[in-house]
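Here's the letter readout for the chains.
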Amino acid sequence: MSHALTAALHHQIIWLVCVFGAAWGYPLTAAALGLVLLASQLRAVQRPPVREVPWIIACLLLGGGIDSLLTLTGHFVFTHPRWPDGLAPPWLLVIWAAFAVAITEFAPLIRRHILISLPLFAVGAPLTYYAGFRFGAVQMPTPAHSLVLLTIIWAILTPALAWGRLRFDRSGVAP
């Protein structure tokens, strides 16, 4: 199985565990199980897992920051009694960490095929948020407005992450 396919499969499994765990009322359990699966995903990458830590932290800060900002501005509502309002919940951060590992395998493809990748991510990523909304993991008071905003964000974020990963691979320092 190709590394890109393996990365996509790991990410999808982690997404499912985290979203359904949150939707069913077990957000911390979902995050913990997601971390175990993330460790498995890291073992499957071609590079030493320790080398990926700065990249994962950079993506966590970026993605967690974006999702927290969307939460603070009322686009997302997470109902978790033991998590501060306005911050992206742990299960969502685990999904970002899994995405950071997966994008490692997809960054070269994204850069080579940006005209195909950009619309796929600009539409596909918001649809994953919408699926999370439909499954009950997150509330979106204004779904249409939030999805338009997410489309714009991901149209910018996709090439930024692809080129950020290239820079990281060349320098070993997360952008």
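The shown structure was predicted, so the numbers you read here are calculated from the model rather than taken from an experiment. (Residues numbered from 1 in each chain as written. Predicted model: local features only at pLDDT ≥ 70, side-chain atom pairs only at ≥ 80, totals over all residues. Heavy atoms only, no water.)

### Examining the layout of surface pockets
Thinking step 1. Of the volumes computed, that of the largest pocket is approximately 580 Å³.
Thinking step 2. Looking at the largest pocket, it is lined by 29 residues, and the ones nearest its centre are His-11, Phe-99, Ala-125, Thr-128 and Trp-154.
Thinking step 3. Broken down by secondary-structure element, the contributors of at least two residues to the lining of the largest pocket are helix H1 (3–23), helix H4 (90–112) and helix H5 (114–135).
Thinking step 4. Counted by class, the lining of the largest pocket contains 22 nonpolar, six polar and one charged residues. (1 Å grid on protein atoms, 1.4 Å probe; cavity = no way out; pocket = protein on both sides within 12 Å on 5 of 7 lines; lining within 4 Å. Points joined across faces, edges and corners; volume = space filled by probe spheres on them. Helix = DSSP H or I, 4+ residues; strand = E, 2+ residues; numbered from the N terminus. Nonpolar A, V, L, I, M, F, W, Y, C, P; charged D, E, K, R; others polar.)

### Some thoughts on the state of the cysteines
Thinking step 1. Scanning all chains against the criterion turns up zero disulfides.
Thinking step 2. No disulfide involves Cys-18; its sulfur sits 16 Å from that of Cys-59, the nearest cysteine.
Thinking step 3. Relative accessible area serves as the criterion here: at 0%, Cys-18 is assigned to the buried category.
Thinking step 4. Among the residues examined, Cys-59 registers a relative accessible area of 3% and is labelled buried. (Disulfide = S-S within 2.5 Å. Buried < 20%, exposed > 50% of the residue type's maximum accessible area, 1.4 Å probe, protein only.)

### A word on helix H2 (residues 27–44)
Thinking step 1. For H2, built from 18 residues, the straight-helix expectation of 26 Å at 1.5 Å per residue is met to within 8% by its first-to-last C-alpha distance of 25 Å.
Thinking step 2. Listing the buried residues of H2 in full gives Pro-27, Ala-30, Ala-31, Gly-34, Leu-38, Gln-41 and Leu-42. Projected down its long axis, H2 shows its buried positions confined to an angular sector of 115 degrees, all on one face. Of the residues in H2, the exposed ones pointing more than 90 degrees away from the buried face are Thr-29, Val-36 and Arg-43. (Expected span 1.5 Å × (residues − 1). Arc of directions from axis to C-beta.)

### Examining the environment of Gly-64
Thinking step 1. Note on placement: Gly-64 falls in helix H3 (residues 49–72).
Thinking step 2. For Gly-64, a relative accessible area of 7% translates into the label buried.
Thinking step 3. Placed 31 residues apart in sequence, Gly-64 and Ile-95 show a C-alpha to C-alpha distance of 9.9 Å.

### Concerning the packing of aromatic side chains
For any pair of aromatic rings, the description consists of the separation of the ring centres together with the inter-plane angle of the planes.
Thinking step 1. Applying the stated criterion to the full structure yields 11 aromatic pairs.
Thinking step 2. Measuring from centroid to centroid gives 5.2 Å for Phe-20 and Trp-24, while their planes differ by 35 degrees, and the two rings are tilted.
Thinking step 3. Classification of Phe-20 by relative accessible area gives partly exposed; the value is 24%.
Thinking step 4. Between Phe-99 and Trp-154 the ring centres are 5.4 Å apart and the planes differ by 85 degrees, which places this aromatic pair in the edge-to-face class. With Phe-99 in helix H4 and Trp-154 in helix H6 (residues 143–171), this residue pair connects regions lying 55 residues apart in the sequence. Here the two residues Phe-99 and Trp-154 agree in accessibility, since each one is buried.
Thinking step 5. Cluster of aromatic residues (ring-pair linked, three or more members): Trp-15, Phe-20, Trp-24 and Phe-135. (Phe/Tyr/Trp six-rings, centres within 6.5 Å; stacked < 30°, edge-to-face > 60°.)

### Observations concerning the pattern of salt bridges
Thinking step 1. One pass over the full model with this rule turns up one salt bridge.
Thinking step 2. Across the pair Arg-165 and Glu-52 runs a salt bridge whose closest N-O atoms are separated by 2.8 Å. Taken together, the residues Arg-165 in helix H6 and Glu-52 in helix H3 connect sequence positions 113 residues apart. Taken individually, Arg-165 and Glu-52 each receive the classification buried, so the pair is uniform in this respect. (Salt bridge = Lys/Arg side-chain N within 4 Å of Asp/Glu carboxyl O.)

### As for the nonpolar core
Thinking step 1. In terms of nonpolar packing, the biggest core is built from 41 residues, with Phe-76, Trp-91, Leu-150 and Trp-154 touching the most fellow members.
Thinking step 2. Secondary-structure elements contributing two or more residues to this core are H1, H2, H3, H4, H5 and H6.
Thinking step 3. Broken down by element, this core gets its largest block of residues, 12 residues, from H4.
Thinking step 4. Leaving out residues up to four positions away in the same chain, Trp-91 has contacts with Cys-18, Val-19, Ala-22, Pro-27, Ala-31, Phe-78 and Ala-137. (Core = buried A, V, L, I, M, F, W, Y, C linked by side-chain atoms within 4.5 Å. Contact = heavy atoms within 4.5 Å.)

### Focus on a nonpolar patch on the surface
Thinking step 1. Where nonpolar side chains cluster on the molecular surface, the patch consists of Val-53, Ile-57 and Leu-61 and spans about 280 Å² of accessible area.
Thinking step 2. Inspection of the secondary structure puts Leu-61 in helix H3.
Thinking step 3. Classification of Leu-61 by relative accessible area gives exposed; the value is 64%. (Patch = residues over 30% accessible without salt bridge, like charges linked within 9 Å, V, L, I, M, F, W, Y side chains within 5 Å. Areas by Shrake-Rupley, 256 points an atom, 1.4 Å probe, with all protein chains shown as cover.)

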